[in-house]
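Residue-level structure breakdown
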Amino acid sequence: GNWFDPMFDDSSWRESIGGFGSGRAWNVMPRTAWKTDDIWLRRTIVLDTLPEGKVVLFVYHDDAAEAYVNGHQLKSLPGADNHYRILPLSSAAQQSLRVGDNVIAIHCHNHPKTHGFVDVGVGEILADGASSHRPLPRRRLKNKSILPRR
């Protein structure tokens, strides 16, 4: 199966803490070393209830990346961002969210002559007039694992 598919067997991947990097990036420090040109990450979030608002990913990528939620590709992210970008879920990805396990999958490629960094978080945009961005409440979001490919 495809590495971004929720049913993919990632039991041979090792578990580490994000963000992943090859050195100090623009304004972040990696918590796990990334020493290859490419990295594949899977993060499982467990939802106790479905979010009220539109779910977004907060993605920091240096260099190019691609993001998936429950097997649905959101977008290819060219180049590098030196900050966390808000990436809305596609309608298919939003509709694929379910109570229980949900898989975020990220692939990032780093150009060998630069420091690479990748990290991802999850939040929601509320339709409360102010359209605030907030992380999903802890009661609804549990970081079960972050698994880089060997």
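The structure this text deals with has already been given above.
Residues numbered from 1 in each chain as written. Predicted model: local features only at pLDDT ≥ 70, side-chain atom pairs only at ≥ 80, totals over all residues. Heavy atoms only, no water.

1. Quick look at the nonpolar core
Worth spelling out the cut-off: Nonpolar core, defined: a set of buried Ala, Val, Leu, Ile, Met, Phe, Trp, Tyr and Cys residues in which side-chain atoms within 4.5 Å join the residues together. Relative accessibility thresholds used throughout: buried, under 20% of the residue-type maximum; exposed, over 50%; partly exposed, between the two (1.4 Å probe, protein chains only). By the criteria applied, helices consist of DSSP H or I runs no shorter than four residues and strands consist of E runs no shorter than two, each listed in order from the N terminus. We call two residues in contact when some of their heavy atoms are within 4.5 Å.
With 24 residues, the main nonpolar core has L57, V69, L74, L89, I104 and V118 as its most contacted residues. Elements with a contribution of two residues or more to this core: β3 (38–47), β4 (54–62), β5 (65–69), β6 (72–77), β8 (100–109) and β9 (117–125). Element by element, the count of residues in this core is highest for β3, at four residues. Aside from chain neighbours lying at most four places away, what touches V69 is L57, L74, L89, A93, S96, L97, V103 and I104. Counting five residues, the second largest nonpolar core, distinct from the first, contains W3, W13, Y68 and A105.

2. Topic: the pattern of salt bridges
For side chains bearing opposite charge, pairing can occur when the charged atoms are close. Defined as follows: What counts as a salt bridge is simple: a side-chain nitrogen of Lys or Arg found within 4 Å of a carboxyl oxygen of Asp or Glu.
In total, this model carries one salt bridge according to the counting rule given. In this structure, R42 engages D10 in a salt bridge whose closest nitrogen and oxygen atoms are separated by 2.9 Å. Here R42, found in strand β3, pairs with D10, found in the segment before β1 (20–21); they are 32 residues apart in sequence, far enough to count as distant.

3. What to know about unusual backbone geometry
Each neighbour pair has its own omega, and for G18 with G19 the value is 0°, a cis peptide bond. Among the structural elements, G19 can be located in the segment before β1. Geometrically, the link from D62 to D63 is a cis peptide bond, its omega value of 20° lying close to zero. Tracing the backbone through its elements, the reader meets D63 in the loop between β4 and β5.

4. A look at the pairing of β3
Applicable threshold: For two strands to be treated as a pair, DSSP must find no fewer than two bridges joining them.
Across the ten residues of β3, eight count as buried, placing the element largely inside the fold. Alignment of β3 against β8, held across ten bridges, turns out to be antiparallel. Bridging from a neighbouring strand, I45 pairs with N102 of β8.

5. Brief notes about the side chain of E124
Put simply, the test is: The term polar contact refers here to a pair of N or O atoms within 3.5 Å; inside protein, the definition further demands a hydrogen-donor-capable atom paired with an acceptor-capable atom, and it admits residues adjacent in sequence only when both atoms are side-chain atoms.
Position of E124 among the secondary structure elements: in strand β9. By relative accessible area, which is 0% here, E124 ends up buried. Within the local environment of E124, its side chain forms a polar contact with the backbone nitrogen of E52, the two atoms lying 3.3 Å apart. A polar contact is formed between the side chain of E124 and the backbone nitrogen of G53, at a distance of 2.9 Å.

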